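Now for the letters of each chain:
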Amino acid sequence: MTPVLSVRNLFRIFGTACSRCFDGNDEICGNKCPWCGAIVACKNISFDLYPEEVLGIVGESGSGKSTLLKILYFEEEPTSGEMFIHLTKRNACFPGEAFMGSVDAANVLSLNSYQKRLFRNHYMGMVYQNPFLGLRMHISAGGNIAEKLFMAGFRNIAKIRERAIYLLEKTEVPGNRLDESPASFSGGMQQRVQIAKALSNVPMLLFLDEPTTGLDLSVQARVLDLIKSLQKEMRLATIVVSHDLGIIRHLTTRTMVMKDGEIVEAGLTDQVLEDPQHPFTQLLVCSTL
Amino acid sequence: MNLLNVDSISKTFTIHILSGKIIEGFKDVSFTVPRGTALGISGPSGSGKSSVLKCIYGSYLTTRGDIWYESPRFGRLNLTRSPLRTINQIREMEIGYITQFLKVIPRVSALDIVSAPLMEAGAFRKAARSAAGDLLEQLGIPQRLFEAYPATFSGGEQQRVNIARAIIKAPHLLILDEPTACLDADTTSVVLDILLALRKKGTTMIGIFHQPEILARFSDAIYRMKTDSDRGTIQ
Ligand SMILES: Nc1ncnc2c1ncn2[C@@H]1O[C@H](COP(=O)(O)OP(=O)(O)OP(=O)(O)O)[C@@H](O)[C@H]1O
Ligand SMILES: Nc1ncnc2c1ncn2[C@@H]1O[C@H](COP(=O)(O)OP(=O)(O)O)[C@@H](O)[C@H]1O
Ligand SMILES: [Mg+2]
Ligand SMILES: [Mg+2]
Ligand SMILES: [Zn+2]
């Protein structure tokens, strides 16, 4: 089976890189290059994501998880590397379905910024830990979703409104809060609006960056259940970043462990958690027991 | 024909946080399981029984040796070297695993937990739930618990929900690690009857049972884990 997403040798270096930043030298401790001082936030990242699969990423703070997701979502330019997306046909009446046929098999990181934006609007969804990054707080919840639908090529206002209400109800936000701005919502509700927005274009790729961190436990549980059931129902290929191993165990089938910008271990989630190989993963698993 | 051929496998754990201390899980284990039979595994606590099963299921990486498995879908596979994606697919479609430790899925009703594998395989909700209900009933779970969350169940009830979920689709290979550990004698006997019926229908099994008489009833053959002094043998 062809992966939906393939990433090859991705680097993101902040600051002026020297050639040794790319070496993968073991002497480097932390993510700072000792020769030039640049920060290697993502270092030689390669992986595949398959259709309908949920892939987890764990790692300590600063290990490059968010940077990686931002690159995949075209929010951040990588320093080097390739990314391939294999599209499968969706419902033909979806706006913009015709447009992407040519992109298959091309390194999507080399698209121009207009093409990237189209790509993101039509095929990707992102939920951030911080709702301020994913939502515009001064426009209504419905407006937030409408905006994304508009960017994904929807033009019929009545249809957009109908879909916004449908999505909010699906994510258990009362439809009558449609015209209120998310600034007045609780944290849990803001995450639900973010999820509704991320799913509005029926993405092929869903990225979740610590989607429930900061919510209290009972709310966290309900948001997780929501994510899980929607992922199953819509058969979304999903990447979820979390430092919470319980969430990783609950949501994912495969897990990658990042440290100092590198993937130090990857495997079936139960294997990574029960028989961790890398010293860092062992420490991680031990610290939460 | 052998469904499973475990060929000289060993497992060591390297504990880096104890400055690289090496723990031996088990050493040089070999056995075969013919299709449609049940192999029991016995041995003292700590001899590596659970670890062997985890290596077969893929929760543990096998340090040395090969595990050959005849997959209806993929053909002959070395499970120690198969792509993760393939392992995942055969877990979904062919191999069931029940542990001595309960793994309840939070906030999902008993009926939904048990019917999920059928639904994922494309069955209709109504038919899947009715089959799940029948199986739970057979296992002696009272009807009033069908719609409740197993997180609140007793150990034995949770265990039976786990068993029901693992066998509802009649897996090709069923791996059992003390599945009757917290059940009373009557329920244990019911579980065993269900397992034996499943084997008759063609499911191959490999299982650990603490009580010798249960192990004897379950097994067509028994593999005894070696301790340091003697070697493992099949009887
Ligand atoms: N715009 C930037 N300029 C300079 N350095 C950056 C920038 N963005 C990220 N970094 C650095 O890159 C590294 C990776 O950051 P990133 O935000 O990806 O970490 P993370 O794994 O998501 O951590 P957390 O778990 O805390 O969210 C860090 O060392 C960070 O300081
Ligand atoms: N994840 C693990 N990490 C480190 N050591 C382990 C792990 N799992 C099992 N072991 C060790 O391997 C040996 C065999 O354990 P196990 O397979 O559970 O035995 P049994 O099931 O026969 O009681 C024991 O010494 C145990 O402590
Ligand atoms: Mg982050
Ligand atoms: Mg055991
Ligand atoms: Zn450098």
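The structure reproduced in this document is the subject of the present report. Keep in mind the model is a prediction, meaning the values are calculated, not measured.

## Quick word on the coordination of the zinc ion (ligand 5)
Residues and elements named next belong to chain A.
Here is step 1: Coordination sphere of the zinc ion (ligand 5), protein contribution only: C18 (SG), C21 (SG), C33 (SG) and C36 (SG), at 2.2 to 2.4 Å.
Here is step 2: Around the zinc ion (ligand 5), the four donor atoms sit at angles spanning 98 to 122 degrees, and that spread fits a shape best called tetrahedral.
Here is step 3: Here the donor residues of the zinc ion (ligand 5) share one chain and are spaced in sequence as C-x2-C-x11-C-x2-C. You can see C21 sitting in the loop between β1 (5-14) and β2 (39-49) and its partner C33 sitting in the loop between β1 and β2, a full 12 residues away along the chain.
Here is step 4: According to the relative accessible area criterion, C33 is buried, its value standing at 1%.

## A few points about the site of ligand 2
Residue and element names in this part refer to chain B.
Here is step 1: Around ligand 2, the surrounding shell holds 13 residues, and the nearest of these are G46, K49, S50, S51 and Y60.
Here is step 2: With respect to ligand 2, the backbone of G48 contributes an N or O atom lying 3.0 Å from an oxygen atom.
Here is step 3: The side chain of S50 places a nitrogen or oxygen atom 2.7 Å from an oxygen atom of ligand 2.
Here is step 4: With the chains in place, 69% of the 560 Å² that ligand 2 exposes on its own is no longer accessible.
Here is step 5: Mapped by element, the contributors of at least two residues to the shell around ligand 2 are β2 (21-34) and α1 (49-57).
Here is step 6: Of the residues forming the shell around ligand 2, the biggest block, three residues, is contributed by α1.

## Some points on the site of ligand 1
All names here are of chain A.
Here is step 1: Around ligand 1 sit F14, N31, I39, A41, S61, G62, S63, G64, K65, S66 and T67, and that is every residue in its neighbourhood.
Here is step 2: Between S61 and ligand 1, the recorded distance is 2.5 Å, taken from a side-chain N or O atom to an oxygen atom.
Here is step 3: Here an oxygen atom of ligand 1 and a side-chain polar atom of K65 are 2.7 Å apart.
Here is step 4: Burial of ligand 1 by the protein chains amounts to 60% of its free accessible area of 640 Å².
Here is step 5: Elements that contribute at least two residues to the shell around ligand 1 include exactly β2 and α1 (65-72).
Here is step 6: Counting residues per element, the shell around ligand 1 draws most heavily on α1, at three residues.
Here is step 7: Taken together, the residues of the shell around ligand 1 break down into three nonpolar, seven polar and one charged.

## Things to note about a nonpolar patch on the surface
Here is step 1: There is a patch of nonpolar side chains on the surface, built from L283(A), I17(B) and L18(B) and spanning about 260 Å² of accessible area.
Here is step 2: Position of L283(A) relative to the elements: it lies in helix α10 (residues 279-288).
Here is step 3: You can call L283(A) partly exposed: its relative accessible area is 45%.

## Section: the packing of aromatic side chains
Here is step 1: Under the defined criterion, the tally for this structure stands at eight aromatic pairs over all chains.
Here is step 2: Both rings, one in Y73(A) and one in F207(A), keep their centres 6.3 Å apart while their planes meet at 85 degrees; by these two values the pair is edge-to-face. Taken together, the residues Y73(A) in the loop between α1 and β4 (80-85) and F207(A) in strand β6 (residues 205-209) connect sequence positions 134 residues apart. Just as Y73(A) is buried, F207(A) falls in that class too.
Here is step 3: Members of the aromatic cluster, joined through ring pairs, are F74(A), F119(A) and Y123(A).
Here is step 4: In this arrangement the basic side chain of R120(A) is found over the ring face of Y73(A), its NZ or CZ atom lying 5.3 Å from the centre.
Here is step 5: Geometry around F13(B) places K11(B) over its ring, the cationic atom sitting 4.9 Å from the centre.

## Brief notes about the pairing of β6(A)
All names here are of chain A.
Here is step 1: The buried fraction of β6 is high, at five of five residues.
Here is step 2: Residue alternation in β6 divides its side chains into two sets, L205, F207 and D209 and L206 and L208, and both sets are buried.
Here is step 3: Judged from the four bridges that link them, strand β5 (residues 124-127) and β6 form a sheet pairing that is parallel. Within β6, the residue paired with M126 across the bridge is F207.
Here is step 4: Relative to strand β7 (residues 237-241), β6 is paired through five bridges, and the arrangement is parallel.

## Points about the nonpolar core
Here is step 1: Ranked by internal contacts, the top residues of the largest apolar core, which has 36 residues, are L136(B), L174(B), L176(B), L195(B), M205(B), F209(B) and F218(B).
Here is step 2: Elements that contribute at least two residues to this core include exactly α3 (110-120), α4 (125-138), α5 (155-167), β7 (173-177), α6 (185-200) and α7 (212-218) of chain B.
Here is step 3: Looking at this core, you find at least three residues from each of domain 1 (2-13 + 23-94 + 171-234) and domain 2 (106-160) of chain B.
Here is step 4: With sequence-adjacent residues up to four places away left out, M205(B) is seen in contact with V33(B), T37(B), A38(B), L39(B), L173(B), L174(B), L176(B), L195(B), L198(B), R199(B) and F218(B).
Here is step 5: Counting residues in hydrophobic clusters, the runner-up holds 35 residues, among them L5(A), L49(A), L111(A) and V241(A).

## Some details on α3(B)
All names here are of chain B.
Here is step 1: Here α3 lies mainly inside the structure; eight of its 11 residues are buried.
Here is step 2: Buried within α3 we find A110, L111, I113, V114, S115, A116, P117 and L118.
Here is step 3: Looking at the buried residues of α3, the elements they touch are α4 and α5.

Scoring rules and cut-offs
- Residues numbered from 1 in each chain as written.
- Chains lettered and ligands numbered in written order.
- Predicted model: local features only at pLDDT ≥ 70, side-chain atom pairs only at ≥ 80, totals over all residues.
- Heavy atoms only, no water.
- Donors = N, O, S within 2.8 Å, 3.2 Å for Na, K, Ca; no water.
- Tetrahedral: all angles 85-135°; square planar, octahedral: opposite > 155°, others 65-115°.
- Helix = DSSP H or I, 4+ residues; strand = E, 2+ residues; numbered from the N terminus.
- Buried < 20%, exposed > 50% of the residue type's maximum accessible area, 1.4 Å probe, protein only.
- Near = heavy atom within 4 Å.
- Polar contact = N/O pair within 3.5 Å; in protein donor to acceptor, adjacent residues only side chain to side chain.
- Areas by Shrake-Rupley, 256 points an atom, 1.4 Å probe, with all protein chains shown as cover.
- Nonpolar A, V, L, I, M, F, W, Y, C, P; charged D, E, K, R; others polar.
- Patch = residues over 30% accessible without salt bridge, like charges linked within 9 Å, V, L, I, M, F, W, Y side chains within 5 Å.
- Salt bridge = Lys/Arg side-chain N within 4 Å of Asp/Glu carboxyl O.
- Phe/Tyr/Trp six-rings, centres within 6.5 Å; stacked < 30°, edge-to-face > 60°.
- Lys NZ or Arg CZ within 6 Å of the ring centre and 35° of its normal.
- Pairing = 2+ DSSP bridges.
- Core = buried A, V, L, I, M, F, W, Y, C linked by side-chain atoms within 4.5 Å.
- Domains from an automatic or database assignment.
- Contact = heavy atoms within 4.5 Å.

Functional significance is not addressed by these values, which are geometric in nature.
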